[in-house]
Amino acid sequence: GFAKRPVPERSSAAVIELRSDEAVRLHGTDGKPLLELHQGESGPVLTVLHEDLEIASPGRLRLRGKQVQVQAEQGPVEVHATNDVVLRGEVIKLN
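Residues numbered from 1 in each chain as written. Predicted model: local features only at pLDDT ≥ 70, side-chain atom pairs only at ≥ 80, totals over all residues. Heavy atoms only, no water.

Caption draft 1: Representation of the sheet that holds strand β2 (residues 33-40) within the structure. As summarised here, the arrangement of the three strands in space is β1-β2-β3, forming an open sheet in which the pairing is antiparallel. The open sheet terminates on both sides in strands that have one partner only, identified here as β1 (23-27) and β3 (43-48). With direction set aside, neighbouring strand axes in the sheet form an average angle of 15°. Where β1 lies against β2, five bridges are found, and the strand directions are antiparallel. Bridge pairing in β2 links R25 to E36. (Pairing = 2+ DSSP bridges. Helix = DSSP H or I, 4+ residues; strand = E, 2+ residues; numbered from the N terminus. Axes fitted to C-alpha atoms, helices over the stretch in contact; angles between N-to-C directions.)

And the structure:
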């Protein structure tokens with residue numbers, strides 16, 4: 001196959017350095033907080049400060065990481081699709 005092309009360097013438009021007790025918050029036009037970003041013990045923590053969150057994309061939506069966890073602290077985890085649902089892995093454990 002072909003070799004991967006190198007990812008071009010991006011320049012920073014703005015940089016904000018946070019102390020350990022600081023966070024960056026984004027507020028909506030109504031003044032209510034939407035998001036908070038702070039440095040946690042194991043890396044960055046992005047917290048949604050509203051009861052509901054919707055992530056939408058007109059195309060493909062990907063979540064990528066060495067490991068991916070989905071956890072519901074209360075209630076079910078639901079997956080809906082208008083086509084097949086495919087799970088791929090060496091071992092798929094149910095219960």
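Caption draft 2: Just a nonpolar patch on the surface, in detail. Where nonpolar side chains cluster on the molecular surface, the patch consists of L63, V68, V70, V77, V79, V85, L87, I92 and L94 and spans about 1,000 Å² of accessible area. Note on placement: V79 falls in the segment after β3. The exposure class assigned to V79 is exposed, which follows from its relative accessible area of 65%. (Patch = residues over 30% accessible without salt bridge, like charges linked within 9 Å, V, L, I, M, F, W, Y side chains within 5 Å. Areas by Shrake-Rupley, 256 points an atom, 1.4 Å probe, with all protein chains shown as cover. Salt bridge = Lys/Arg side-chain N within 4 Å of Asp/Glu carboxyl O. Buried < 20%, exposed > 50% of the residue type's maximum accessible area, 1.4 Å probe, protein only.)

By themselves these figures say nothing about function.
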